[in-house]
Amino acid sequence: MRRKKTDSRHTTGAFIIVATLTMIMCACASMGRPEGGARDETPPVYVRSNPSPSQREYDRQRIDVWFDENIQLDDAFNKVIVSPTQTTAPVVRSLGKHVYVELRDSLQPNTTYTIDFADAIKDLNEGNILDGFALDFSTGKDLDTLRISGMVLEARTLEPAQGMMVGLYSSMTDTTLTTLPFERVARTNQYGQFTIRNLKPGNYTLFAVNDVNRDNHWDRSEDIAFIGKTISPYVEDIMVSDTLRTDDGTDSIATRPGVAYFPNDVLLTWFNENFRSQYLRDHARPERRRVTIGMGAPSDTLPTLTIVGGSLDGQLITDHAVLQKNPTNDTLSYWLRTPELIATDSLLLDIRHEFTDSLDRISWANDTIRFFWKEPKQKKKKDNDTLPPPIELLPLKVTSTAAHDIYAPLHLVTQTPIASVDTLGVRLQTMVDSVWTDVPVKPLASDPLNPMMDIVIDFDRTPGAKYRFTVDSTAVTDIYGIHNKEFTHEFTVRQPEEYSNLRFNILNTDSTDVIVELLDGSDKPVRTIKAQNGVVTIPYINPGTYYARLFLDANGNGKWDTGNVTDSIQPEEVYYYNQKLDLKANWDIEQRWDIYEFALDAQKPYAIKQNKPKLKKGETDPNADADVEYDEWGEPIDRNDPRYGRGTGNNRGNGGFGNFGNALGGFQQSGGNEAIQRRR
């Protein structure tokens, strides 16, 4: 074979080619983010499955599903749910583009099964969620196809219930709900929406349950919602419109036959009955002179505490102590008064108390509890420290600052229960022409929330006036005979111009008592006022951003009441004002509030909603409040209204409350269901 003659030019060229290829390979191997291409915003697409959708006479306990891209499962143990309900939880796994479900319970004959994945499936790279995916099959020749859809909200706050079980029964007895598993179930998605699929024709009783112990039925301590009447699913033939786009970009509308499943607007509002088992929850001796008892549930009956041992053996503790309790009798403090008990480091008490037995009946039990007290270590005295110990005095404080709110009385608070108050030693004065002048004080009263340690000092407050509150030494005496030292607090009542006033004209509440709650940015009430003839005025509000809700006080007790399943009592209805309230100093704001103007799920402002859907980076919630344009006074502008806004804010120097338009905005629930209206 003839050898080629090597040419230096060829060698150099080859070297350049090799070097170039090496650089390209290194560049390809280096780490970096690839550029170009649109971001994947499409969820995984179903390709095939075994069984195929709606397959009949399927007899295997394994279900396999394939998608068009690699997927991952999010909390499949809680989100993936099987109907009929399973005694043993199924195994759910994913690998690449494949998901499989293995049922542990034996298949029932002639039964339609549903594997509801809810929003557990998403693609591996971008996390796009395939929401509402479900697969059905039948072990017999027939396939049940009816559905019930709706939404679950929390009754008190209208928060969407996420991941809550919704189940039904085709027949009910008094014990079905607490003993038998639901026949068919679904879970709510991030928006609180649900669909129970593959139902037979018939009448069903529907519930939503926070199934904490995963027994597929309700236990009295769990959250629950119910309708109170049976539901009959049905289907209607409809014409479905599709938009078709040709290659040249022209759109056309095509119609085709379809079906719609009803009902699709069931609204459930969940609550908790606040049922708690009664038992001796805790006990303590936080200080030498006090022992505490905590019970598991409220009660009308107090436990009985009997002294064990010593010279007082067999005597009731209430003969030697002062009882301080909360209104529900489940938090009890016994302030010991007898020196022998106070001096005992190890106090033994027999406690006879209520407890809930295995049948949820109230019975009585006895427990013998020892209450220990150990003195804290004392600092060592110096050799030249011969001073006597300081005299113990009763500390006093007031719930007031130097700038006192115009609407609030004073509260005088102690650390131990009060035995007596010398009213002649309690004085309130105001500065008039540089001279302190006495001010009449209304009769002293105890605060209902802390009656033994909180005294209310109420008086007619003059805006801008300076006051001095004085308690003479020994004017207040506690149950141990300890007196206070002289106490003085000076303050100035704030001016009305520092506040905002708010008034609501409330529509469609009929004659039911209406309680309005002014809320802060954490959805917590800061003021609560009862409406009068559909109008509520909330005066003296500190400037800031607020929200509002109301509840219909059906029993007129002035507080929101939960529901009761046994007595078929629904929780009291709650409604939110749809917009935030930007309140400014020295302004009066009046608003029109029609409680039925917006769908219930669209009422709560997005800013204070707690159960927001989980979003990917850069994604926005379609239910978030749209951008709102505000005028110079902070009021939202409606460009179709020459008055610019839903309401008018008026400077109090210009004559008080004004007239108001009605251009309320709002958002609608997305994700498959239309907004759901509460029935009037």
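Residues numbered from 1 in each chain as written. Predicted model: local features only at pLDDT ≥ 70, side-chain atom pairs only at ≥ 80, totals over all residues. Heavy atoms only, no water.

**What to know about the overall build of the protein chain**
- From N to C terminus, the protein chain includes four helices and 46 strands.
- Buried residues in the protein chain amount to 44% of all 680 residues.
- By sequence separation, contacts in the protein chain at least 24 residues apart represent 66% of the contacts at least 6 residues apart.
- Total accessible area on the protein chain stands at roughly 37500 Å², and carbon and sulfur atoms take up 50% of it. (Helix = DSSP H or I, 4+ residues; strand = E, 2+ residues; numbered from the N terminus. Buried < 20%, exposed > 50% of the residue type's maximum accessible area, 1.4 Å probe, protein only. Contact = heavy atoms within 4.5 Å. Areas by Shrake-Rupley, 256 points an atom, 1.4 Å probe, with all protein chains shown as cover.)

**Some details on the environment of Y546**
- Assignment of secondary structure puts Y546 in strand β42 (residues 544–553).
- Residue classification places Y546 among the buried residues on the basis of a relative accessible area of 12%.
- Distance from Y546 to L518, taken between C-alpha atoms, is 6.8 Å for residues 28 residues apart in sequence.
- Sequence-distant contacts of Y546, that is, excluding residues within four places in its chain, are made with L518, L519, V526, I541, K580, L581 and L583.
- A distance of 2.7 Å separates a polar side-chain atom of Y546 from the backbone oxygen of N542. (Polar contact = N/O pair within 3.5 Å; in protein donor to acceptor, adjacent residues only side chain to side chain.)

**Here's the deal with the sheet that holds strand β7 (residues 112–118)**
- Reading across from one edge, β4-β7-β10 is the order of the three strands in this open sheet, with antiparallel pairing throughout. At either end of the open sheet lies a strand with only one pairing partner, and these are β4 (81–83) and β10 (133–138). Strand-to-strand, the axes of this sheet are offset by a mean angle of 15°, without reference to chain direction.
- Relative to β7, β4 is paired through three bridges, and the arrangement is antiparallel. Looking at the pairing, I81 lines up with D116 of β7. (Pairing = 2+ DSSP bridges. Axes fitted to C-alpha atoms, helices over the stretch in contact; angles between N-to-C directions.)

**What to know about unusual backbone geometry**
- Here the residue pair S83 and P84 is connected by a cis peptide bond, since its omega of -5° sits within 30 degrees of zero.
- Its place among the elements puts P84 in the loop between β4 and β5 (91–95).
- Each neighbour pair has its own omega, and for F262 with P263 the value is 0°, a cis peptide bond.
- For P263, the location among the structural elements is in the loop between β18 (251–262) and β19 (266–270).
- Phi at D523 takes a positive value of approximately 70°, unusual for a residue other than glycine.
- With respect to the helices and strands, D523 occurs in the loop between β39 (513–519) and β40 (525–530).
- Although it is not a glycine, S568 adopts a positive phi angle of roughly 55°.
- Along the chain, S568 turns up in the loop between β42 and β43 (574–576).

**Structural notes on the packing of aromatic side chains**
- By the definition in use, this model includes 19 aromatic pairs.
- Ring centres 6.5 Å apart and planes at 65° place the aromatic pair Y407 and Y499 in the edge-to-face group. Taken as a pair, Y407 in the loop between β28 (403–404) and β29 (410–413) and Y499 in the loop between β37 (487–493) and β38 (500–507) lie far apart in primary sequence, 92 residues in all.
- Here a set of aromatic residues connected by ring pairs shows up, and it is made of Y46, F67, F117 and F133.
- Over the ring of W335 we find R290; its NZ or CZ atom is 5.1 Å from the centre of that ring.
- It is R352 that lies over the ring of W364; its NZ or CZ is 4.4 Å from the centre. (Phe/Tyr/Trp six-rings, centres within 6.5 Å; stacked < 30°, edge-to-face > 60°. Lys NZ or Arg CZ within 6 Å of the ring centre and 35° of its normal.)

**Digging into the sheet that holds β19**
- In space, the three strands of this open sheet follow the order β14-β11-β19, with mixed pairing throughout. The sheet is open, and its two edges are formed by β14 (193–199) and β19, each paired on a single side. When the angles between neighbouring strand axes are averaged without regard to direction, this sheet yields 30°.
- In terms of strand pairing, strand β11 (residues 146–154) meets β14 through five bridges, oriented antiparallel. In the strand pairing of β14, I148 is matched with I196.

**Side note on the environment of R93**
- With respect to the element layout, R93 can be found in strand β5.
- Taking the C-alpha atoms as reference points, R93 and F77, separated by 16 residues in sequence, lie 9.7 Å from one another.
- Among all residues touching R93, those that are not within four sequence positions of it are L73, H98, V99 and Y100.

**Concerning the nonpolar core**
- The biggest cluster of nonpolar side chains holds 49 residues, and the ones touching the most others in it are F504, I506, V516, L550, L581 and W593.
- In terms of residue count, the dominant contributor to this core is β42 (six residues).
- Residue contacts for V516: discarding those within four places in its chain leaves F504, I506, R527, T528, I529, V536, I538, R549, L550 and W593.
- One finds L280, V291, I455 and I457 within the second-largest nonpolar core, a separate group that totals 48 residues. (Core = buried A, V, L, I, M, F, W, Y, C linked by side-chain atoms within 4.5 Å.)

**Notes on the pairing of β29**
- Going residue by residue along β29, you find L410 and L412 tucked away on one face and H411 and V413 tucked away on the opposite face as well.
- Relative to β29, strand β27 (residues 397–398) runs antiparallel, the two being bridged by two bridges. Paired with K397 across the bridge in β29 is V413.
- Here four bridges tie β29 to strand β34 (residues 454–457), and the two strands are oriented antiparallel to one another. Across the sheet, H411 pairs through a bridge with V456, a residue of β34.

**Things to note about the confidence of the model for the protein chain**
- When pLDDT is averaged across the protein chain, the result is 85; 83% of the residues are at 70 or more.
- Below a pLDDT of 50 lies the segment residues 1–36, which in the model reaches one contact outside its immediate sequence neighbourhood of four places, other chains included.
- Across residues 626–680, confidence stays below pLDDT 50; counting only partners more than four residues off in sequence or on other chains, it has 139 contacts. (pLDDT = per-residue confidence, 0-100.)

**Observations concerning the pattern of salt bridges**
- Scanning the entire structure with this criterion turns up 31 salt bridges.
- A salt bridge links R197 to D116; its shortest N-O distance comes to 3.3 Å. Taken together, the residues R197 in strand β14 and D116 in strand β7 connect sequence positions 81 residues apart.
- We note a salt bridge from K604 to E159, for which the minimum N-O separation is 2.6 Å. With K604 in the loop between β45 (587–594) and β46 (649–651) and E159 in the loop between β11 and β12 (165–169), this pair connects stretches of sequence that are 445 residues apart.
- E159 sits in the buried class, given a relative accessible area of 4%.
- Overlapping salt bridges bring together R156, E159, E517, D523, R549 and K604 as one network. (Salt bridge = Lys/Arg side-chain N within 4 Å of Asp/Glu carboxyl O.)

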